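Tertiary structure, described
Residues per chain, in single letters:
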Amino acid sequence: MRLPSITAIALVATLGAGIAHAESPKLKQKDTYKVGFAQTESNNPWRIAETRSMQEVAKSCGWNLVYTDAGGSAAKQVADVESMIAQKVDLIVLAPREEKPLIPAVMKAKKAGIPVILIDRNVDQKLAGAGKDYVTFIGSDFIDQGRRAGEWLVKATGGKGKIVELEGTTGSSPANNRKKGFDDLVAKHAGMKVVASQSGDFARDKGRQVMQTLLQAHPDVTAVYAHNDEMAIGAIAALEAAGKKPGQDVIVVSIDGTRDALTAIAAGKMGATVQSSPFFGPVTCDTARKFAKGDQIPAWVKVEDKFYDKSNAQASMADGY
Ligand code: GYE
């Protein structure tokens, strides 16, 4: 079993100075807390690694965890948060499935005097703010992840290609921002074009199905950019089923750093993946402790991510999950 605690804490950079949390609910300093963790779904290795990280840290952080799984439904996730409020938890850790539908849940918790820490995905910044409606957002820079995937692809292809983009869950912050980072970078290269961009809902089989359909309309595609590794693995299956050689005929790049992706890179079927660390337990415990102590917390506790291609995938297999 991997021990993510030390690296996860070390890879977190705080952005700017802390902000005053004048308006948001406070957290008392106690030995034990009742903490709600509202997960979005459990259908991929990333989610499972994240949940495990939270469960593991709960023991050392003095948390009695109230865990819910929204099963891929934002409406269920809102109801999950409402149930945590009814159970009078001390703190809610929310991984909001989509940017807008979870706003009412954040506002209800605020009204009930329960602080909310957002992890992994963010909510719409026009509708809610750190230090006011929730404590902070702990997570990766998704725009930068998309840009890094694009930069690698430009280098790997000499700036030429017909790209299929497989988007994550519609309305989620990683899908919105991974698209922006990649599309903006690719737009600077005249020889590169995104010929189709469609959601595969961050899911392996959906990615395979969408790729299968898009291949019929665009049989001359030369690259795939998937917003996560699960969809990339699904796309590789669709390419192989269509008689194409992933890694040779079609270059595949994505985001996450799962064990399956590192294996596919080592086997030459996938080109590269930008890590998106799911190990939120230690940094969330650390942030909650600091917040209870009255320390200033930045609006965004940024998680730094690694990068894997054929030069380091095999040697980095232990990073995978
Ligand atoms: O990339 C994906 C998961 O929100 C950062 O969601 C997370 C993303 C991750 O389902 O695999």
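Just so it is clear, the model here is predicted, and its values are computed rather than measured.

Let us now look at the pattern of salt bridges. Pairing between side chains of opposite charge can happen when their charged atoms approach one another. Taken as a whole, this structure holds 28 salt bridges when the rule is applied. A salt bridge links Lys110 to Asp133; the shortest N-O distance between them is 3.0 Å. Placement of the pair is Lys110 in helix α4 (residues 103-111) and Asp133 in the loop between β5 (116-119) and β6 (136-140), with a sequence separation of 23 residues. Lys110 sits in the partly exposed class, given a relative accessible area of 23%. On the accessibility criterion, Asp133 (3% relative accessible area) is buried. Here Lys126 makes a salt bridge to Asp124, at a shortest N to O gap of 4.0 Å. In this structure Lys126 comes out as exposed when scored by relative accessible area, which is 74%. Salt bridges sharing partners connect three or more residues here, namely Glu41, Arg97, Glu98 and Asp201.

For any pair of aromatic rings, the description rests on two quantities: the centre-to-centre distance and the angle between the ring planes. This model, assessed by the stated rule, comprises five aromatic pairs. Between Phe279 and Tyr321 the ring centres are 5.7 Å apart and the planes differ by 85 degrees, which places this aromatic pair in the edge-to-face class. Separated by 42 residues along the polypeptide, Phe279 in the loop between β11 (272-275) and α10 (281-293) and Tyr321 in the segment after β13 (307-309) bring together distant segments of the chain. Under the relative-accessibility criterion, Phe279 is labelled buried at 11%. Of note, Lys302 hangs over the ring of Trp300, and the distance from its end group to the ring centre comes to 5.5 Å.

Rules used throughout
- Each chain has its residues counted from 1, running along the sequence as written.
- The predicted nature of this model means local features are confined to residues of pLDDT at least 70 and side-chain atom pairs, given and counted, to a pLDDT of 80 or more, with totals for whole chains, interfaces and linings taken over all residues.
- Note: side-chain values were computed over all heavy atoms of the structure, leaving out hydrogens and water.
- Basic side-chain nitrogens of Lys or Arg form a salt bridge, by our definition, when they fall within 4 Å of a carboxyl oxygen of Asp or Glu.
- Under the DSSP-based scheme used, a helix requires at least four consecutive residues in state H or I and a strand at least two consecutive residues in state E, with every element numbered from the N terminus.
- The buried label applies to any residue whose accessible area, calculated with a 1.4 Å probe on protein chains only, is under 20% of its type's maximum; exposed applies above 50%, and partly exposed to all values in between.
- In this analysis, rings of Phe, Tyr and Trp, with Trp reduced to its six-membered ring, are considered paired at centre separations within 6.5 Å, and the interplanar angle assigns stacked below 30 degrees, edge-to-face beyond 60, and tilted for intermediate values.
- By definition here, charges over rings are those cases where NZ of Lys or CZ of Arg is within 6 Å of the ring centre and within 35 degrees of the ring normal.

Geometric descriptors of this kind do not, in isolation, establish any biological role.
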